[in-house]
Amino acid sequence: MLLHSQIIGEGRPLVILHGFLGSGDNWKTLANKFAEDGFQVHLVDQRNHGKSFHSDDWGYGVMVDDLKNYCDHHSLASIALLGHSMGGKTAMAFGVSYPEMVDKLVIADIGPKSYPSHHQDILKALGSLDFDTLTSRKEADAVLSVYIKDLGTRQFLLKNLYWESKGKLGLKINLQVLTDKISEVGKALDVNAVYTGETLFLKGEKSGYIESMDEIGIKKQFPNSKIAVVTKSGHWLHAENPSEFYQIVIIFL
């Protein structure tokens, strides 16, 4: 099956992969800027996210296969590839598997190492939504606020709601599979995997996803890489400081 995407602009292909519980829509503002600078931007929804298909099979192996199928379908023989968080892990694995297809690789606030599962509270909050009784996003926000105090996180999660039919809300994501297989998100890239192409790792100044000690492992698996810091930002660096994020990325590309 083919992944859903939004394609913006004309020019050099740039594929952007969102993070866990996100979608291509999260990147639309930045995509428009990349398009203005001569890129054809592909905002891809990974499986079980956004408007893409749902499947019981989920993990980085099949997400790499999905992206290869997508590129073949759209005749994308050489791409610039940008991935954030979970999307960054997919991007790393894709670069290792199909290095001849990746011109430049950008990884936003994630490393190749293993990460412990830490999304349980968010998944529990989403699982508490009763779509038989909810009639508005405001009501859904009130339910989520019992579990999640941060407004920005709740607003991000609420983007997963959509109207299944008149008066009937639903979730775009495949919550059951993502909950059952949450351990897949944090899995490490194969320790023997190496990608020698040009790679940019970006880390949020206030984020702990890429620590100083991780840089040795990054250089080992991505020997032609550099690491840059996006100031005044945490894990959502592209949303918290989009201007600086964009400038660093566009210079690299």
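A brief structural summary. Model, not experiment: these values are computed from the prediction. (Residues numbered from 1 in each chain as written. Predicted model: local features only at pLDDT ≥ 70, side-chain atom pairs only at ≥ 80, totals over all residues. Heavy atoms only, no water.)

### What to know about the overall build of the chain
Scanning the chain for helices and strands turns up 10 helices and nine strands. Taking 18 Å as the expected radius of gyration for a compact globule of 253 residues, we find that the chain reaches 18 Å, a close match to that expectation. If one aligns the C-alpha atoms of the chain with their principal axes, the spans along those axes are about 50 × 40 × 35 Å. Taking all 253 residues of the chain together, the buried fraction comes to 55%. For the chain, the proportion of contacts with a sequence separation of at least 24, taken over those separated by at least 6, is 73%. Of the accessible surface of the chain, which amounts to about 11400 Å², a share of 52% is contributed by carbon and sulfur atoms. Across the chain, the 26 positively charged side chains and the 30 negatively charged ones have centroids separated by 4 Å. (Helix = DSSP H or I, 4+ residues; strand = E, 2+ residues; numbered from the N terminus. Rg over C-alpha atoms; globule rule 2.2 N^0.38 Å. Buried < 20%, exposed > 50% of the residue type's maximum accessible area, 1.4 Å probe, protein only. Contact = heavy atoms within 4.5 Å. Areas by Shrake-Rupley, 256 points an atom, 1.4 Å probe, with all protein chains shown as cover. Lys, Arg positive; Asp, Glu negative; His and termini not counted. Charge placed at Lys NZ, Arg CZ, Asp CG, Glu CD.)

### Examining the environment of histidine 4
Structurally, histidine 4 can be placed in the segment before β1 (5-8). The partly exposed category is assigned to histidine 4, whose relative accessible area is 28%. Sequence separation of histidine 4 and methionine 86 is 82 residues, and the distance between their C-alpha atoms is 17 Å.

### A word on the layout of surface pockets
In this structure, the largest pocket occupies an estimated 310 Å³ of space. As for the largest pocket, its lining consists of 15 residues, of which Phe156, Lys159, Trp236, His238 and Ala239 are closest to the centre. Going through the elements one at a time, α1 (28-36), α6 (151-158) and α9 (237-240) are the ones with two or more residues in the lining of the largest pocket. Looking at the lining of the largest pocket residue by residue, the class counts come to six nonpolar, five polar and four charged. Volume-wise, the second largest pocket comes out at about 260 Å³. In this structure, the second largest pocket is lined by 16 residues; those nearest its centre are His118, His119, Ile122, Tyr209 and Trp236. (1 Å grid on protein atoms, 1.4 Å probe; cavity = no way out; pocket = protein on both sides within 12 Å on 5 of 7 lines; lining within 4 Å. Points joined across faces, edges and corners; volume = space filled by probe spheres on them. Nonpolar A, V, L, I, M, F, W, Y, C, P; charged D, E, K, R; others polar.)

### A look at the packing of aromatic side chains
Here the structure, examined in full by the defined rule, presents nine aromatic pairs. Residues phenylalanine 201 and phenylalanine 222 carry aromatic rings whose centres are separated by 5.3 Å and whose planes lie at 75° to one another, so their mutual orientation is edge-to-face. Taken as a pair, phenylalanine 201 in strand β8 (residues 199-204) and phenylalanine 222 in the loop between α8 (214-221) and β9 (225-230) lie far apart in primary sequence, 21 residues in all. Phenylalanine 222 shares its class with phenylalanine 201; the two are buried. Ring pairing ties together the aromatic residues Phe34, Phe39 and Tyr246, which thus form one cluster. Of note, lysine 33 hangs over the ring of tyrosine 246, and the distance from its end group to the ring centre comes to 4.8 Å. A cation over a ring is seen here: lysine 104 above phenylalanine 252, with NZ or CZ 5.0 Å from the ring centre. (Phe/Tyr/Trp six-rings, centres within 6.5 Å; stacked < 30°, edge-to-face > 60°. Lys NZ or Arg CZ within 6 Å of the ring centre and 35° of its normal.)

### Details of the packing of α1 against helix α10 (residues 242-252)
At a minimum axis separation of 11 Å, α1 and α10 run at an interaxial angle of 40°. Taken together, the axes of α1 and α10 lie oblique to each other. The handedness of the crossing between α1 and α10 comes out as right-handed. For the pair α1 and α10, the contacting residues are Leu30, Lys33 and Phe34 in the first and Pro242, Phe245, Tyr246, Val249 and Ile250 in the second. Taken together, the residues that form the contact of α1 with α10 break down as seven nonpolar, no polar and one charged. (Axes fitted to C-alpha atoms, helices over the stretch in contact; angles between N-to-C directions. Parallel < 35°, antiparallel > 145°, perpendicular 65-115°, else oblique. Left-handed = near helix turned anticlockwise from the far one by under 90°.)

### So, the pattern of salt bridges
Under the counting rule described, the total for this entry stands at 10 salt bridges. Of the charged contacts in the structure, one is a salt bridge between aspartate 214 and lysine 113, with a shortest N-O distance of 3.0 Å. With aspartate 214 in helix α8 and lysine 113 in the loop between β5 (102-108) and α4 (120-127), this residue pair connects regions lying 101 residues apart in the sequence. Residue class for aspartate 214 comes out buried when judged on its relative accessible area of 12%. Across the salt bridge formed by aspartate 132 and lysine 168, the nearest N and O atoms sit 3.3 Å from each other. Of this pair, aspartate 132 sits in the loop between α4 and α5 (137-144) while lysine 168 is found in strand β7 (residues 168-171), placing the two residues 36 residues apart along the sequence. Among the residues examined, aspartate 132 registers a relative accessible area of 68% and is labelled exposed. Taking the relative accessible area as the measure of exposure, lysine 168 reaches 25% and is therefore partly exposed. (Salt bridge = Lys/Arg side-chain N within 4 Å of Asp/Glu carboxyl O.)

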